[in-house]
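# Report on the structure
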Amino acid sequence: NARYNTMVPTMAFSHIPTQEYAFSTNYCVGENNDGGIATPTSGDAGLVRTLQHNLSNVFALAVGHNHGNDYCCSTNNDDCTTPASSSHHDLHLCFGRHSGYGGYGSWDRGGRMYE
């Protein structure tokens, strides 16, 4: 907000995970119930890079697609493929919990609260 010299915290949403989601979940918070996998897009459109370098008010990218995954990982972790540096801010890569009755799997339905 230009009037108060502040930025409104913002999230981005996409259904298919980006390539940055294809990392080990050892340092992530949440549940990985989909066989330890994330099936990212085959191409890199530069979405995560754009969010990190150009949109500093975006604090998280939330995706679905792998219905059993329900976790968040910080790009600040050494375990991620896009470690934080002085040229970009920390971005959380999250999977939203399976909330509906379509798709595959029999996991408990729920939702994710972002703070």
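Worth saying up front: this structure is predicted, and the values here are computed from it rather than measured. (Residues numbered from 1 in each chain as written. Predicted model: local features only at pLDDT ≥ 70, side-chain atom pairs only at ≥ 80, totals over all residues. Heavy atoms only, no water.)

### What about the environment of S42?
Topologically, S42 is positioned in the loop between β2 (29-32) and α1 (47-54). Each C-alpha atom, one on S42 and one on P17, is 9.9 Å from the other, the two residues being 25 residues apart in sequence. (Helix = DSSP H or I, 4+ residues; strand = E, 2+ residues; numbered from the N terminus.)

### As for the layout of surface pockets
As a volume, the largest pocket reaches approximately 200 Å³. In terms of lining, the largest pocket is formed by 15 residues, of which the most central are C72, H92, C94, R112 and Y114. Contributions of two or more residues to the lining of the largest pocket are made by β3 (58-63), β4 (69-74) and β5 (92-95). With three residues, the top contributor of residues to the lining of the largest pocket is β4. In terms of residue class, the lining of the largest pocket is built from ten nonpolar, three polar and two charged. (1 Å grid on protein atoms, 1.4 Å probe; cavity = no way out; pocket = protein on both sides within 12 Å on 5 of 7 lines; lining within 4 Å. Points joined across faces, edges and corners; volume = space filled by probe spheres on them. Nonpolar A, V, L, I, M, F, W, Y, C, P; charged D, E, K, R; others polar.)

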